[in-house]
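Next come the chains, spelled out residue by residue.
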Amino acid sequence: MTAHDARDDALTPQEGPGADRAEGAVGADGAEGRGEPDEQARRIAAARGARRLLARPPAAVPLGERLTALAADAADVADLAGPTDMYGDGVVADLEDEVARLLGKEAAAFFPTGTMAQQVALRCWAGRTGNATVALHPRSHPEVHEGGALATVSGLRTVHPADAPRPPTAEEVRDFEEPFGTLMLELPLREPGFLLPTWDELQEVVAAARERDAVVHFDGARLWECTPYFGRPLDEIAGLADSVYVSFYKSLEGIAGAALAGPQTLVEEARAWRHRYGGLGFQQFPTALSALLGLRNVLPRLPEYVSHARVVADALREALAASAVPWSRVHPQPPHTHQFQVWLPYPADVLNEAALTQAEETKTLLFWRWFPDGPPGLSVTEVTVNGPGLAWTADDVREAVAEFVRRLP
């Protein structure tokens, strides 16, 4: 799934299997793959012209519109008469304080990318534990989307206590045959379908790592939308881990950026490594402002998105089962967050053509982009449901599925 990372580059208010895949209607947080230029331009034009979509992909939002919105709303989260942010003071420091408060951690540090934030966190823990081995899922973000950066850049070694397409179990962590200094858990585990363990399972996995004298780090790029599934507030979820990384663009619809939260001493060390890695930007106030706006405006709505994603997923499953397609799967059922996968037994190019034609002819964008990421003969897309998707009823979904299927051979 080497094409995934490119997908995060072009889509961000929502997301897509592998946003690093992309989503826009049924998927939109992050990633538009680098497909054929004509097809990409056609897809963006279709999204911009659509009157109905489940999530609006960042690629479909004109630059001027984003800049205008940021300027119009910035005064809601910052004193615009104050000094311009320089090297992390001002609005960036305000953002760090807010993240630390929300996650119940002593401190937080802003990073330009999640890749850097997690490398720094894992490197710091390796120094503190004396063990540079990181246990994580083989389909987690560092293993799939970062070009081997943990080993190549940071000198870390990764091992996989579990390789099934699901989060690891406490037994797998406890019984793994070699020591590791840090257990990294991606919540939700995106590649197999935005999957989460139950709250009890998560507690047991963390306890199993502690029994092995390992620290626990959460890849919480999408942690914001996990609260409905766990039935716990953010600070209680984050409280299970020694450190947590969160993203500002994947679900919160910010421009970019991430934060690492944890103990004060760890964050202070992380700031030193951030500078060494080239992550201390001179001025990052536009990104920080958009993140603060995401925390204020989008974070409170995520439970509603999760709830409605279940309505959409049910309607998709029923409509596909009743259609002429020979086989289909909506996974997981019900969705654990506001994002999930759909699988169909057609080539990706056939499904993409059907989705684009539907959007162009009916102004309804159901699926953003399909990828041949499964077993031979199966293609997958990621579905994201956010603000625009709340207007869809189950009947709207069934109607859109019928129009989509009608365009398949």
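Residues numbered from 1 in each chain as written. Predicted model: local features only at pLDDT ≥ 70, side-chain atom pairs only at ≥ 80, totals over all residues. Heavy atoms only, no water.

Under the annotation held in an unreviewed UniProt entry, the protein chain carries the name Threonine aldolase and is attributed to Streptomyces spectabilis. Its UniProt record gives the protein chain the following Sequence similarities (unreviewed entry) comment, quoted word for word: "Belongs to the threonine aldolase family." (UniProt positions renumbered as here; feature names shortened; annotations may be inferred.)

Novice: How should the pattern of salt bridges be read in this particular structure?
Specialist: Between side chains of opposite charge, a pair can form when the charged atoms approach closely. One pass over the full model with this rule turns up 22 salt bridges. As a salt-bridge pair, Arg-190 and Glu-382 come within 2.6 Å of each other at their nearest N and O atoms. Within this pair, whereas Arg-190 is found in the loop between strand E5 (182-186) and helix H9 (199-211), its partner Glu-382 is found in strand E12 (residues 379-384), the two being separated by 192 residues in sequence. Between Glu-361 and Arg-407 there is a salt bridge, and its shortest N-O distance comes to 2.7 Å. Taken as a pair, Glu-361 in helix H15 (residues 348-362) and Arg-407 in the segment after helix H16 (394-406) lie far apart in primary sequence, 46 residues in all. (Salt bridge = Lys/Arg side-chain N within 4 Å of Asp/Glu carboxyl O. Helix = DSSP H or I, 4+ residues; strand = E, 2+ residues; numbered from the N terminus.)

Novice: Please clarify how unusual backbone geometry should be interpreted in this entry.
Specialist: Note: most peptide bonds trans; most residues except glycine with negative phi. A cis geometry characterises the amide bond from Leu-187 onward to Pro-188, with omega recorded as -5°. The topology assignment puts Pro-188 in the loop between E5 and H9. Put simply, His-331 and Pro-332 share a cis peptide bond, and its omega is -10°. Its place among the elements puts Pro-332 in the loop between strand E9 (329-331) and strand E10 (339-344). Even without a glycine there, the phi angle at Asp-213 is positive, about 60°.

Novice: When you look at the confidence of the model for the protein chain in this model, what are you seeing that I'm missing?
Specialist: Low-confidence regions, as indicated by low pLDDT, have predicted coordinates that should not be scrutinised in detail. Overall, the predicted model of the protein chain reaches an average pLDDT of 91, with 91% of residues at or above 70. Per-residue pLDDT stays below 50 along residues 1-34; that stretch engages in 215 contacts with residues further than four places along the chain or on separate chains. (pLDDT = per-residue confidence, 0-100. Contact = heavy atoms within 4.5 Å.)

Novice: What's the story with the packing of H15 against H16 in this structure? I'm lost.
Specialist: The axes of two packed helices give the description: the angle between them and the distance between them. For the pair H15 and H16, interaxial distance at closest approach is 9 Å and the crossing angle is 120°. With respect to each other, H15 and H16 are oriented oblique. Considering only the axes of H15 and H16, their crossing is right-handed. Taking contact as the criterion, the partners of Leu-351, Ala-354, Ala-355, Gln-358 and Thr-362 in H15 are, on H16, Ala-400, Glu-403 and Phe-404. The class makeup of the residues in the contact of H15 with H16 is five nonpolar, two polar and one charged. (Axes fitted to C-alpha atoms, helices over the stretch in contact; angles between N-to-C directions. Parallel < 35°, antiparallel > 145°, perpendicular 65-115°, else oblique. Left-handed = near helix turned anticlockwise from the far one by under 90°. Nonpolar A, V, L, I, M, F, W, Y, C, P; charged D, E, K, R; others polar.)

Novice: When you look at the nonpolar core in this model, what are you seeing that I'm missing?
Specialist: As a rule of thumb, nonpolar side chains are buried together in soluble globular proteins. In terms of nonpolar packing, the biggest core is built from 56 residues, with Leu-103, Phe-218 and Trp-224 touching the most fellow members. Residues contacting Leu-103, with those up to four places away along its chain left out, are Leu-223, Trp-224, Leu-234, Asp-235, Ala-238, Val-244, Val-246 and Ala-261. Counting residues in hydrophobic clusters, the runner-up holds 30 residues, among them Ala-315, Ala-348, Phe-367 and Val-397. (Core = buried A, V, L, I, M, F, W, Y, C linked by side-chain atoms within 4.5 Å. Buried < 20%, exposed > 50% of the residue type's maximum accessible area, 1.4 Å probe, protein only.)

Novice: In this structure, what is going on with the packing of aromatic side chains? I would like to understand it.
Specialist: To describe a pair of aromatic rings, you give the distance between the ring centres and the angle between the ring planes. The full count for this structure, using the stated rule, is nine aromatic pairs. Note on Trp-273 and Tyr-277: the rings are 6.1 Å apart at their centroids and 75° apart in plane angle, and the pair reads as edge-to-face. A centroid spacing of 4.9 Å and a plane angle of 70° characterise the contact between Phe-367 and Phe-404, whose relative ring orientation is edge-to-face. Pair noted here: Phe-367 is in the loop between strand E11 (364-365) and E12 and Phe-404 is in helix H16, with a separation of 37 residues, a long-range link. By relative accessible area, Phe-404 is classed as buried at 0%. Through pairs of rings, three or more aromatic residues link up here, namely Trp-199, Tyr-229 and Phe-230. Just above the ring of Trp-392 sits the side chain of Arg-52; from NZ or CZ to the centre is 4.9 Å. Sitting over the ring of Trp-273, Arg-276 keeps its end group 4.5 Å from the ring centre. (Phe/Tyr/Trp six-rings, centres within 6.5 Å; stacked < 30°, edge-to-face > 60°. Lys NZ or Arg CZ within 6 Å of the ring centre and 35° of its normal.)

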